[in-house]
Amino acid sequence: MSMQQLIYASRPFGYDSSILANILSVARLRNAQNDITGALICRQDIYLQLLEGPEGQVESTFDKISEDDRHIELTLLVRCHVEDRLFPQWAMKHDPARSWMWSPKEIQEGVQFRASAQAVRSIFLRSTDPTEL
Ligand SMILES: Cc1cc2nc3c(=O)[nH]c(=O)nc-3n(C[C@H](O)[C@H](O)[C@H](O)COP(=O)(O)O)c2cc1C
């Protein structure tokens, strides 16, 4: 079955463990209801999120996320159809941003907003590898 996949980058606006826990718990509840899976890579300086599922559900969820004032500079990097989910078991997987992705300086300069679709996809693929730290 063909599904929609979106990946965006943004900058957290107000970030601490309780804000993140709240975002994740609501995301997991809503995504389970909406047949959406995905992953949220984050740190105090970056959100990088992959959403996948039925097109209508993914787009309406993305519309809500776009209007959420807990992040800024939201930039859509990938919008495409895919055959298979990358995160079939995850209503929303939480991964820390890692040092091999981009340096804090690169993120500060906005490298994540200029990344190619292939580059951001490979970040999510690599983050699923348990041997990568
Ligand atoms: C970084 C970030 C990621 C989010 N991810 C999701 C998500 O995957 N699914 C979701 O339903 N809401 C997500 N949200 C929350 C939505 O913006 C919204 O608050 C939530 O869907 C509740 O909307 P509702 O009260 O209209 O149901 C995210 C918010 C932020 C800031």
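On a predicted model such as this, the values are computed, not experimentally measured, just so you know.

Engineer: How would you sum up the overall build of the chain? Please name residues and give values.
Structural biologist: Scanning the chain for helices and strands turns up four helices and five strands. N-terminal to C-terminal, the α/β element order of the chain is β-α-β-β-α-β-β-α-α. At 14 Å, the chain has a C-alpha radius of gyration in line with the 14 Å of a compact globule built from 133 residues. For the chain, the spread of C-alpha atoms along the principal axes amounts to about 40 × 30 × 25 Å.

Engineer: So what about helix H4 (residues 117–127)? Which residues, and what values?
Structural biologist: Those residues of H4 not exposed but buried are Val 120, Ile 123, Phe 124 and Ser 127. Looking straight down H4, one finds that the buried residues subtend no more than 90 degrees of arc, so they occupy a single side. Those residues of H4 hidden inside the fold are in contact with strand S1 (3–12), strand S2 (37–43), strand S3 (46–53), strand S4 (71–82) and strand S5 (93–96).

Engineer: I'd like a rundown of the site of the ligand, residues and numbers included.
Structural biologist: In the vicinity of the ligand, 16 residues are found, and the nearest of them are Arg 30, Asn 31, Gln 49, Lys 64 and Asp 68. A distance of 2.5 Å separates an oxygen atom of the ligand from a polar atom in the side chain of Arg 30. Gln 49 has a polar side-chain atom sitting 3.1 Å from a nitrogen atom of the ligand. Surface burial for the ligand is 81%, taken as the share of its 620 Å² of free accessible area covered by protein chains.

Engineer: Requested: an account of the nonpolar core, with residues and values cited.
Structural biologist: Here is a general trend for soluble globular proteins: nonpolar side chains tend to be buried in one another's company. In this structure, Ile 7, Ile 41, Leu 48, Trp 102, Val 120 and Phe 124 are the most contacted members of the largest nonpolar core, which totals 23 residues. For this core, the secondary-structure elements that each account for two or more residues are S1, S2, S3, S4 and H4. A per-element tally of this core places S4 first, with four residues. Apart from the residues within four sequence positions on either side, Ile 41 is in contact with Ile 46, Tyr 47, Leu 48, Asp 95, Pro 96, Ala 97, Met 101, Ile 123, Phe 124 and Ser 127. In terms of nonpolar packing, the next biggest core, distinct from the first, is built from 15 residues, Leu 6, Leu 24, Val 58 and Phe 62 among them.

Engineer: I'd love a proper account of the pairing of S5, names of residues and values included.
Structural biologist: Side chains Lys 93 and Asp 95 project from S5 onto a buried face, and the interleaved His 94 and Pro 96 project onto a face without burial. Pairing of S2 with S5 involves four bridges; the strand directions are parallel. Counted as the bridge partner of Cys 42 is Pro 96 from S5.

Engineer: Tell me what's going on with the sheet that holds S3, and back it up with residues and numbers.
Structural biologist: Pairing within the open sheet is mixed, and its five strands lie in the order S4-S1-S3-S2-S5. Either end of the sheet is taken by a strand with one partner, and the two such strands are S4 and S5. Going across the sheet, the axis of each strand differs from the next one's by a mean of 15 degrees, ignoring polarity. Across seven bridges, the pairing between S2 and S3 is antiparallel. Across the sheet, Thr 37 pairs through a bridge with Glu 52, a residue of S3. The strands touched by H4 within the sheet are S1, S2, S3, S4 and S5, with S4 carrying the most contacts at an inclination of about 90 degrees.

Engineer: Can you tell me about helix H1 (residues 17–34), naming the residues and giving the values?
Structural biologist: Since the α-helix packs 3.6 residues into each turn, any two residues three or four apart lie on the same face. Compared with an ideal rise of 1.5 Å per residue, which puts 18 residues at 26 Å, H1 spans 25 Å between its outermost C-alpha atoms and is within 8% of the ideal. Buried within H1 we find Leu 20, Ile 23, Leu 24, Ala 27 and Asn 31. The buried residues of H1 occupy one face: seen down the axis, they fall within an arc of 95 degrees. Away from its buried face by more than 90 degrees, H1 exposes Ser 18, Leu 29, Ala 32 and Gln 33. Structurally, H1 contributes buried residues whose contacts are with S2, S3, helix H2 (55–66) and S5. For H1, the N-terminal cap is Asp 16; the gap from its side-chain oxygen to the backbone nitrogen of Ser 18 is 3.0 Å. Asp 35 sits one or two residues past H1 and shows a positive phi near 60 degrees.

The rules behind each value
- Residues numbered from 1 in each chain as written.
- Predicted model: local features only at pLDDT ≥ 70, side-chain atom pairs only at ≥ 80, totals over all residues.
- Heavy atoms only, no water.
- Helix = DSSP H or I, 4+ residues; strand = E, 2+ residues; numbered from the N terminus.
- Rg over C-alpha atoms; globule rule 2.2 N^0.38 Å.
- Buried < 20%, exposed > 50% of the residue type's maximum accessible area, 1.4 Å probe, protein only.
- Arc of directions from axis to C-beta.
- Contact = heavy atoms within 4.5 Å.
- Near = heavy atom within 4 Å.
- Polar contact = N/O pair within 3.5 Å; in protein donor to acceptor, adjacent residues only side chain to side chain.
- Areas by Shrake-Rupley, 256 points an atom, 1.4 Å probe, with all protein chains shown as cover.
- Core = buried A, V, L, I, M, F, W, Y, C linked by side-chain atoms within 4.5 Å.
- Pairing = 2+ DSSP bridges.
- Axes fitted to C-alpha atoms, helices over the stretch in contact; angles between N-to-C directions.
- Expected span 1.5 Å × (residues − 1).

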